[in-house]
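Residue-level listing of the chains:
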Amino acid sequence: GKKAELQHRSLKALKNNIPVGLLEDVSKRDASLNGLAPTAFWQLLTKELAPVPEPQNEDCSLRPPTEMDGRMVNPKYAFVETFERPEFTGQTERVLPMTKGGKKKRKRAHK
């Protein structure tokens, strides 16, 4: 029944290292996480000690807006942490057609 299903989901979450917490914890979280998964969280990243080398542009007059006045280049750093996530393919298995108003068409149940 329902209890077995919930136990299975809990064990799967623990196996996949998904953070577990109370519903109140989700409602108390920072507003910057609104719209993200309930398990989303902010984590400070650690920058590497040495900056990443600047790319070599063929045209030296091309500069980012923060360096237009000829000031020194802002150093950019990589981060020590790495993240594992599924590959983003940008595809769905089935695409639903859109109506003229921009909403997805739904199949109607036949009576």
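Keep in mind it's a predicted model, so treat the numbers as computed, not measured. (Residues numbered from 1 in each chain as written. Predicted model: local features only at pLDDT ≥ 70, side-chain atom pairs only at ≥ 80, totals over all residues. Heavy atoms only, no water.)

**Q** Could you give an account of the overall build of the protein chain, with specific residues and numbers?
**A** Counting its secondary structure elements, the protein chain contains two helices and zero strands. Classification of the 111 residues of the protein chain by burial places 3% in the buried group. Restricting the contact set of the protein chain to residue pairs at least 6 apart, pairs at least 24 apart contribute 46%. Total accessible area on the protein chain is roughly 11,700 Å²; 58% of this is exposed by carbon and sulfur atoms. (Helix = DSSP H or I, 4+ residues; strand = E, 2+ residues; numbered from the N terminus. Buried < 20%, exposed > 50% of the residue type's maximum accessible area, 1.4 Å probe, protein only. Contact = heavy atoms within 4.5 Å. Areas by Shrake-Rupley, 256 points an atom, 1.4 Å probe, with all protein chains shown as cover.)

**Q** Describe the packing of aromatic side chains, listing the residues and the values that go with them.
**A** Counted according to the given criterion, the structure contains zero aromatic pairs. In this arrangement the basic side chain of K47 is found over the ring face of Y77, its NZ or CZ atom lying 4.1 Å from the centre. (Phe/Tyr/Trp six-rings, centres within 6.5 Å; stacked < 30°, edge-to-face > 60°. Lys NZ or Arg CZ within 6 Å of the ring centre and 35° of its normal.)

Keep in mind that these numbers describe shape and distance, not what the molecule does.
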